[in-house]
Amino acid sequence: MAEIYVIVGTGAAGMAAAEQIRLYKKDVTVVMMSIDEHSHSRCMLHKFLGGERTKEELSFVEPDFFEKNEICWGKGQKALGLDTAKKQIRMENGYQPYDKLLIATGSVFGIPPINNFRTASNVYGFRDLSDAQKIDEAVKKKDAKHVFIVGSGLVGLDVATGLMERGVKVTIAEMAPRVMPLQTDDTAAKAYQERFEAHGARFLLGIGASDSIVNDQNEITAVVLSTGETVECDFVICAAGVRPNIAWLEDSGIAMDRGITVDGHMRTSAPDVYAAGDVTGLSGVWPNAMDMGRVAASNMCGADVEYTDRYCMKNTSNFFGLQMLTIGDINAQVDGAEIYMKESRDCYKKAVVKDGVLKSILIQGDISHTGHWQYLIKNGINISDIIKKKSVFDITYGDFYGMDDMGEYQYNI
Amino acid sequence: MKRIVIDPAKCDGCKNCALACMDSHRTDGGEGVVTLNFSLPETEARNEILNDGKGGYLPMFCRHCSVPGCANSCMSGALKKDPETGHVTYDEKRCGACFMCVMNCPYGIPKPSRDGTKILKCDFCNERPEGPACVAACPKQAIWVEEV
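Residues numbered from 1 in each chain as written. Chains lettered and ligands numbered in written order. Predicted model: local features only at pLDDT ≥ 70, side-chain atom pairs only at ≥ 80, totals over all residues.

A separate point is the pairing of strand β1 (residues 4-8) of chain A. Residues and elements named next belong to chain A. Among the five residues of β1, four are classified as buried, and the element is accordingly described as predominantly covered. Note that β1 and strand β2 (residues 29-34) share five bridges and pair parallel. From the neighbouring strand, I4 faces β2, where its bridge partner is T29. Crossover connection from β1 via helix α1 (residues 12-24) to parallel β2: handedness right-handed. Note: β1 against strand β7 (residues 100-103), four bridges, orientation parallel. By the bridge assignment, V8 is partnered in β7 with I103. (Buried ≥ 20, exposed ≤ 12 C-beta atoms within 10 Å, placed from the backbone. Helix = DSSP H or I, 4+ residues; strand = E, 2+ residues; numbered from the N terminus. Pairing = 2+ DSSP bridges. Right-handed = clockwise from strand over helix to strand, strands pointing away.)

Attention now goes to the domain arrangement of chain A. Residue and element names in this part refer to chain A. Segmentation of chain A into domains returns domain 1 (4-108 + 243-300), domain 2 (123-240) and domain 3 (314-400). Using only C-alpha atoms to locate each centre, domain 1 and domain 2 end up separated by 30 Å. Between domain 1 and domain 2, the contact holds 13 residues from the first and 15 residues from the second. The biggest single contributor to the side of domain 1 that touches domain 2 is helix α2 (residues 45-49), with four residues. (Domains from an automatic or database assignment. Contact = placed C-beta atoms within 7 Å.)

For the rest of this paragraph, the subject is the interface of chain B and chain A. Contacts between the two partners involve 32 residues from chain B and, on the opposite side, 35 residues from chain A. For the side of chain B that touches chain A, the secondary structure elements donating two or more residues are β1 (2-6), α2 (100-104) and β6 (111-112) of chain B. For the side of chain B that touches chain A, the residue count by class is 18 nonpolar, nine polar and five charged. (Nonpolar A, V, L, I, M, F, W, Y, C, P; charged D, E, K, R; others polar.)

Our next topic: the environment of R178 of chain A. Residue and element names in this part refer to chain A. Along the chain, R178 turns up in the loop between β11 (169-174) and α6 (186-198). C-beta crowding within 10 Å serves as the criterion here: with 20 such atoms nearby, R178 is assigned to the buried category. Spatially, the C-alpha atom of R178 lies 7.5 Å from that of G206, the residues being 28 residues apart in sequence.

Further remarks concern unusual backbone geometry. Of note, the phi angle at K87 of chain A is positive, near 55 degrees, even though the residue is not glycine. In this fold, K87 of chain A is placed in the loop between β4 (79-83) and β5 (88-91). Judged by local crowding, K87 of chain A falls into the buried class, with 20 C-beta atoms found within 10 Å. Not every positive phi belongs to a glycine, and Q141 of chain B is a case in point at roughly 50 degrees. Checked against the element boundaries, Q141 of chain B lands in the loop between α4 (133-137) and β8 (143-147). According to the C-beta neighbour criterion, Q141 of chain B is exposed, with 10 such atoms within 10 Å.

The next point concerns the domain arrangement of chain B. Residue and element names in this part refer to chain B. The assigned domain composition of chain B is domain 1 (1-61 + 122-148) and domain 2 (63-121). With centres defined by C-alpha atoms, the gap from domain 1 to domain 2 works out at 18 Å. Taken residue by residue, the interface counts ten residues in domain 1 and twelve residues in domain 2. Its residues placed into classes, the side of domain 1 that touches domain 2 shows five nonpolar, no polar and five charged.

Here it is, written out as structure tokens:
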């Protein structure tokens, strides 16, 4: 009988892994299971909410992905537990055996411990398609006019744009003193804040929600702020952080910390069980999830591949036509660092250099030709000689231009 | 796969490749650099020639990498490594304009379009039989197509 490879989760890590397994092995049975009925890219959920895309158009694979790769896909199947001794997954309606297992169940949103938030019927997250669908229904059913969003990170701003697109007014509470606090500094944050405000959003910065008011249907109708002010709303969205989705593994005996503990080959503590993506707690960015998925899949198929490209403090954003790229912690207080800044009418740049090595960079405006920054930062490349001759912002791949025998570029350092 | 191979020593920075790229990707139906409208925001080259600061030039052309950082970061499925041609293809309709590819190409090749709704990168002139326009336009044979 053919070996059974099971992947739990159809996000970035799971799908990349499935494709990779098929590259190595044509003769094994590949089973995937997901809670969602549609495989979708969660980075585009706001486009569904805003009415720009249908749920089918959120897919990041071809419509025939599962057929073409001969994958048996259990849609709407929830994994409830794992028995590593019997090598099977417990589900609502039975057991799924495996020879090799990849856990790629991503993460779940957290609800802050604010009075009523965890018990009210109209508090949503924005993580899965089902969350976006619930919000969509809530907007329609309530003819929602005003939504309270907790958190102004990328997810909070994404959901805000989706709602604003539909004419819903949003109030966004952020504990930090600026929007998108992990990716911005004050200048960059202000540029985004102004654009959102010009489109009708209201920000409460450095202000938390401290209480809420519910009606007799257990719906939050207003949020009380730490300042004492009351903000009326039709419903609440929590976008203030996620955590690895590991609750279903509690009794499995698999070693876990914040996420599932994995070694360099993405192996968990249980034989033939691997984990990849957000569920490991190693990173929450898309490219890293795909990389982890491919590494895990290769090793499941008997290869010997290590997950090495681990740098994950990186992101891009694109709101109201304003683009931004941030690599590293742009706000870190680095002793003895030199901070470079360049500001023009439509572009803002900031770089932090310590002992000739670039620590972080932020570019807002035109982000063309900025791919080399991640390479320079994550590899700790010394640029001290280059910046004696020109501005740090004028560095390009051209400063390291090299090529290998196959005509591919290769950093010449 | 077919790759545009580069000999930077032969490049004299004339940028005929850039003009050919613009002309090849124009959408107004015209043909030939003479009628190319440079004031249109979409008239933009997907390649670039950098000055090496020592009197030489460094052609920047998408390598359609064996492990493409751009496609490996694409959250919409718009960028893909074609298993047959080996080229990294881009489906504008799928693109979510998140620009993770811009960040994840170590060489800084893909870039946002000027209107910020998509990216621009080499598509091998849509695999047209006569080969990419940039190669045909290079007077120095600094770039050519080779099976690698």
